[in-house]
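Here is how the chains run, residue by residue.
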Amino acid sequence: MVQTNSKGQLVIIGGAEDKEGDCQILRDFVRRAGGTKAYIVIMTAATELPREVGENYIRVFERLGAENARIIDTETREDGSSSTALEAIHKATGIFFTGGDQARITSILKDTEIDTAIHQRFSEGVVIGGTSAGAAVMPDVMIVEGDSETHPRIETVEMGPGLGFLPGVVIDQHFSQRGRLGRLISALILQPAVLGFGIDENTAMVVTDNQVEVIGEGAVTIVDESEATYNNMDEILKDESLAICGAKLHILPHGFKFDLKTRQPILNNGSVANVSVGVG
């Protein structure tokens, strides 16, 4: 069973979110982070262009009315104990991880004072957002890299430690645009997680307590292997094809929800959907 015990909310974005038009997803993030009173810190550890990327988000957040938006640029692990950064995190109502390379985020920040401070603020109710690489780091075990547009194989995906804001799941991004169902299923079978979430571009899953809400123009694909009847993980070599039988597949567009405790979709009219499609 996947359950969140923190008071904060997560806005997990599949990448390539709108920054020029209505900015539906970033608008939602700002609103949840306090609206016109929002104090947002932008974590740029994932990107090699921290100033350029960070200032782009500052422009968007300020245009949407956030009271304050500032960059926390961490290039080395030594930056993970920056007193200036820790002070900003202490004041923040929203913390946003940009895209780039998710391995950079964990190698620079995991188990640092900044990491501890962000988790503490999350437990106190701060909203945590992340796009692309910033989405990948949300679970306790994340997809570091892997092949797209392929069938499931052990060698398809490399896993590593994430930041652990949403434990017990696997998350992939740019999902339908890059054909990543095969690597999500591979990752799910390789890990003790039972739920895999594939988030399309300009789409987000918002996690509040134990409920996921989908917003944006695409969909969130959910693979639930909690009741799977078979996989051949113990029978194959590294480059051979994985098989999985009896898993469930849900595809949820804007307005649909998902209960992490019961692992059931909630339709946009509020009713629980008890019918699911098997995979395998």
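Residues numbered from 1 in each chain as written. Predicted model: local features only at pLDDT ≥ 70, side-chain atom pairs only at ≥ 80, totals over all residues. Heavy atoms only, no water.

Novice: Just checking my understanding: could you explain the overall build of the protein chain for this structure?
Specialist: The secondary structure content of the protein chain amounts to 7 helices and 18 strands. With respect to the three principal axes, the spread of C-alpha positions in the protein chain is 50 × 45 × 35 Å. Counting only residues that meet the buried cut, the protein chain has 55% of its 280 residues in that class. Distance from the positive charge centre (24 side chains) to the negative charge centre (40 side chains) of the protein chain: 7 Å. (Helix = DSSP H or I, 4+ residues; strand = E, 2+ residues; numbered from the N terminus. Buried < 20%, exposed > 50% of the residue type's maximum accessible area, 1.4 Å probe, protein only. Lys, Arg positive; Asp, Glu negative; His and termini not counted. Charge placed at Lys NZ, Arg CZ, Asp CG, Glu CD.)

Novice: I tried to follow unusual backbone geometry on my own but got confused; where do I start?
Specialist: With the exception of glycine, the majority of residues adopt a negative phi angle, and the majority of peptide bonds are in the trans configuration. For A16, which is not glycine, the phi dihedral falls at a positive 55 degrees. Its location among the elements puts A16 in the loop between β1 (10–13) and α1 (24–32). One non-glycine residue, S132, adopts positive backbone phi at about 55 degrees. For S132, the location among the structural elements is in the loop between β5 (127–131) and α6 (133–136).

Novice: Can you walk me through the pairing of strand β12 (residues 219–224) in this structure?
Specialist: Residues in a regular strand project their side chains so that they alternate between the two faces of the sheet. Of all the 6 residues making up β12, 6 are buried; the element is thus mostly covered by neighbouring parts of the structure. Of the two faces of β12, the one holding A219, T221 and V223 and the one holding V220, I222 and D224 are both buried throughout.

Novice: Would you mind going over helix α5 (residues 113–123) with me for this structure?
Specialist: Structurally, the α-helix is built with 3.6 residues per turn, so residues lying three or four positions apart point the same way. Restricting attention to buried positions, one finds in α5 the residues I114, D115, A117, I118, R121 and F122. Relative to the axis of α5, the buried residues are bounded by an arc of 165 degrees and lie together on one face. Those residues of α5 hidden inside the fold are in contact with β1, β2 (39–43), α3 (83–91), β4 (94–97), α4 (102–109) and β5. Looking one or two places after α5, you find G125, whose phi comes out positive at around 115 degrees. (Arc of directions from axis to C-beta. Contact = heavy atoms within 4.5 Å.)

Novice: Looking at this structure, I do not really get the side chain of H174. What am I missing?
Specialist: Examined against the element boundaries, H174 turns out to sit in the loop between β8 (169–172) and α7 (181–190). The exposure class of H174 is buried, given its relative accessible area of 7%. Within polar-contact distance, the side chain of H174 engages the side chain of S132 at 2.8 Å. (Polar contact = N/O pair within 3.5 Å; in protein donor to acceptor, adjacent residues only side chain to side chain.)

Novice: Please explain the packing of aromatic side chains as it appears in this structure.
Specialist: Think of a pair of aromatic rings as described by two things: how far the centres are apart, and how the planes are tilted against each other in angle. For the structure shown, the criterion picks out 8 aromatic pairs. A centroid spacing of 5.6 Å and a plane angle of 75 degrees characterise the contact between F61 and F96, whose relative ring orientation is edge-to-face. Remark: F96 occurs in strand β4 and F61 occurs in helix α2 (residues 50–63); sequence separation between them is 35 residues. Owing to a relative accessible area of 0%, F61 belongs among the buried residues under this scheme. Taken together, the ring pairs connect F29, Y57, F61 and F96 into an aromatic cluster. (Phe/Tyr/Trp six-rings, centres within 6.5 Å; stacked < 30°, edge-to-face > 60°.)

Novice: Quick question: what am I supposed to make of the packing of α1 against α2 here?
Specialist: A pair of packed helices is captured by two measures, namely the crossing angle of their axes and the spacing between those axes. Close contact between α1 and α2 brings their axes to 10 Å; oriented N to C, the two are set at 70 degrees. As the angle between them shows, α1 and α2 are arranged roughly perpendicular. Crossing angle aside, the handedness with which α1 passes α2 is right-handed. On the side of α1, the interface is formed by L26, F29 and V30, while α2 contributes Y57, V60 and F61. In the contact of α1 with α2, the residues fall into 6 nonpolar, no polar and no charged. (Axes fitted to C-alpha atoms, helices over the stretch in contact; angles between N-to-C directions. Parallel < 35°, antiparallel > 145°, perpendicular 65-115°, else oblique. Left-handed = near helix turned anticlockwise from the far one by under 90°. Nonpolar A, V, L, I, M, F, W, Y, C, P; charged D, E, K, R; others polar.)

Novice: Is there a simple way to explain a negative patch on the surface in this structure?
Specialist: Together, E48, D101, E145 and E158 give the surface a local cluster of negative charge. Here E48 lies in the loop between β2 and α2. (Patch = residues over 30% accessible without salt bridge, like charges linked within 9 Å, V, L, I, M, F, W, Y side chains within 5 Å. Areas by Shrake-Rupley, 256 points an atom, 1.4 Å probe, with all protein chains shown as cover. Salt bridge = Lys/Arg side-chain N within 4 Å of Asp/Glu carboxyl O.)

Novice: I'm lost on the pairing of strand β11 (residues 211–216) in this one. Help?
Specialist: Bridging between strand β10 (residues 203–208) and β11 involves 6 bridges; their strand directions are antiparallel. Counted as the bridge partner of M205 is V214 from β11. Adjacent in sequence and paired antiparallel, β10 and β11 are bridged by 2 residues, among which D209 carries a positive phi angle near 55 degrees. Bridge count for β11 against strand β16 (residues 257–259) is 3 bridges, and the pairing is antiparallel. The partner of E213 across the bridge, within β16, is K257. (Pairing = 2+ DSSP bridges.)

Novice: Please clarify how the nonpolar core should be interpreted in this entry.
Specialist: The nonpolar side chains of a soluble globular protein tend to be buried, and buried together. Of all hydrophobic cores here, the largest spans 47 residues; its most connected members are I12, I95, F97, I128 and F197. At 4 residues, α5 tops the list of elements feeding residues into this core. Once residues lying within four places of it in the same chain are set aside, the contact partners of I95 are F29, V41, M43, I89, I118, V126, V127, I128 and G129. Counting residues in hydrophobic clusters, the runner-up holds 24 residues, among them I13, A33, V127 and I215. (Core = buried A, V, L, I, M, F, W, Y, C linked by side-chain atoms within 4.5 Å.)

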